[in-house]
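As a plain string of letters, each chain reads:
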Amino acid sequence: MLHSEGRVLPTRADEGDANAAARERIAASSRNCFERYGVRKTTIDDIASDAGISRGSVYRYFANKEDILRYVSAGEITRVNREIRSRLPRVENYQELLTESLLLATVVGRDNKYVRMFVESIEYTAKSADPSTQEYVETSAVWAPLIESAMKKGEFADDLSRGDIASWLILSEALLFTKADSPNVTEDELRRFIRRFVVMPLFNKDRRAG
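Keep in mind that this is a model prediction, so the values were computed, not measured.

1. Topic: the environment of Lys 127
- In this structure, Lys 127 sits in helix H7 (residues 122–128).
- Considering only alpha carbons, one finds Lys 127 and Val 137, ten residues apart in sequence, at a separation of 10.0 Å.
- Dropping the residues within four chain positions of it, Lys 127 is found in contact with Glu 66, Thr 133, Glu 135 and Tyr 136.

Have a look at this one:
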């Protein structure tokens, strides 16, 4: 776009790209600070200093630290979810599909220091499991297609809502990270644990595999 004097003016697309680049720069610095100081102790000043910008510049793109944390976590969850989908084997029923999905989410997420940091944050996990929060909307989206498909076929227990199931799966991830940390737990043992204690209670009795 040209100004009347012949000067090139930025288009909305250019401004959008610049804003996205700035948000990514701030997010990258936030990851550095979260790793260095921990999520709770990291301040906006820490993030601004790492990014080489002013405190006000951070607030231009994010409302507060929680907003940054949501943005960073959404990116990490998206990457982990993409990897899970690419590694998920073909299975014959929803119980097995959910078991294998949780197993991969645990194995892949456990080794992702940022995902682990968020999942093990009691405050963030509590918000992620609360249907009234934006964190829940973003986190539960990982499980939404599977839950919706299984519910349409009457797989889950009748007294459970979509929100109940998503919240249970989100809360279970922190427990599974702890379980997976044990040096004596094999992948097969972790799979059995997930199936028996996390997955089976969600299903109608006549749908449960042995």
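2. Digging into helix H2 (residues 44–51)
- All of the buried residues along H2 are Ile 44, Ile 47, Ala 48 and Ala 51. Each buried residue of H2 sits inside an arc of 100° when the element is viewed along its axis, so together they form one side.
- In the segment just after H2, Gly 52 is the residue with positive phi, at about 75°.

3. Let's talk about the packing of aromatic side chains
- Counted according to the given criterion, the structure contains three aromatic pairs.
- Both rings, one in Phe 62 and one in Tyr 71, keep their centres 5.4 Å apart while their planes meet at 70°; by these two values the pair is edge-to-face.
- In this structure Tyr 71 comes out as partly exposed when scored by relative accessible area, which is 24%.
- Aromatic side chains Phe 156 and Phe 203 sit 4.9 Å apart centroid to centroid with 55° between the ring planes, which places their arrangement in the tilted category. With Phe 156 in the loop between helix H9 (144–152) and helix H10 (162–180) and Phe 203 in the segment after helix H11 (187–199), this residue pair connects regions lying 47 residues apart in the sequence. Accessibility classification places Phe 156 together with Phe 203 in one group, the buried group.
- Here the guanidinium or amino end of Arg 196 rests over the ring plane of Phe 197, the centre of that ring lying 5.6 Å away.

4. Observations concerning the packing of helix H5 (residues 94–110) against H9
- Here H5 crosses H9 at 165°, and the two axes come no closer than 11 Å. When the axes of H5 and H9 are compared, the pair comes out roughly antiparallel. In this structure, H5 crosses over H9, and the sense of that crossing is left-handed. Each of Tyr 94, Leu 97, Leu 98 and Ser 101 in H5 lies in contact with H9, whose residues at this interface are Leu 146, Ser 149 and Ala 150.
- Residues belonging to the contact of H5 with H9 are distributed by class as follows: five nonpolar, two polar and no charged.

5. Considerations on the confidence of the model for the protein chain
- For the protein chain, per-residue confidence averages 85 on the pLDDT scale, and 90% of positions sit at 70 or higher.
- Per-residue pLDDT, averaged within each element of the protein chain, yields its smallest value for helix H6 (residues 113–119) (75) and its largest for H2 (97).
- Low pLDDT (under 50) marks residues 1–5, which in the prediction has seven contacts with non-local residues, meaning those over four places away or in another chain.

6. Describing the environment of Val 107
- Note on placement: Val 107 falls in helix H5.
- Distance from Val 107 to Ala 150, taken between C-alpha atoms, is 24 Å for residues 43 residues apart in sequence.

Cut-offs applied
Residues numbered from 1 in each chain as written. Predicted model: local features only at pLDDT ≥ 70, side-chain atom pairs only at ≥ 80, totals over all residues. Heavy atoms only, no water. Helix = DSSP H or I, 4+ residues; strand = E, 2+ residues; numbered from the N terminus. Contact = heavy atoms within 4.5 Å. Buried < 20%, exposed > 50% of the residue type's maximum accessible area, 1.4 Å probe, protein only. Arc of directions from axis to C-beta. Phe/Tyr/Trp six-rings, centres within 6.5 Å; stacked < 30°, edge-to-face > 60°. Lys NZ or Arg CZ within 6 Å of the ring centre and 35° of its normal. Axes fitted to C-alpha atoms, helices over the stretch in contact; angles between N-to-C directions. Parallel < 35°, antiparallel > 145°, perpendicular 65-115°, else oblique. Left-handed = near helix turned anticlockwise from the far one by under 90°. Nonpolar A, V, L, I, M, F, W, Y, C, P; charged D, E, K, R; others polar. pLDDT = per-residue confidence, 0-100.

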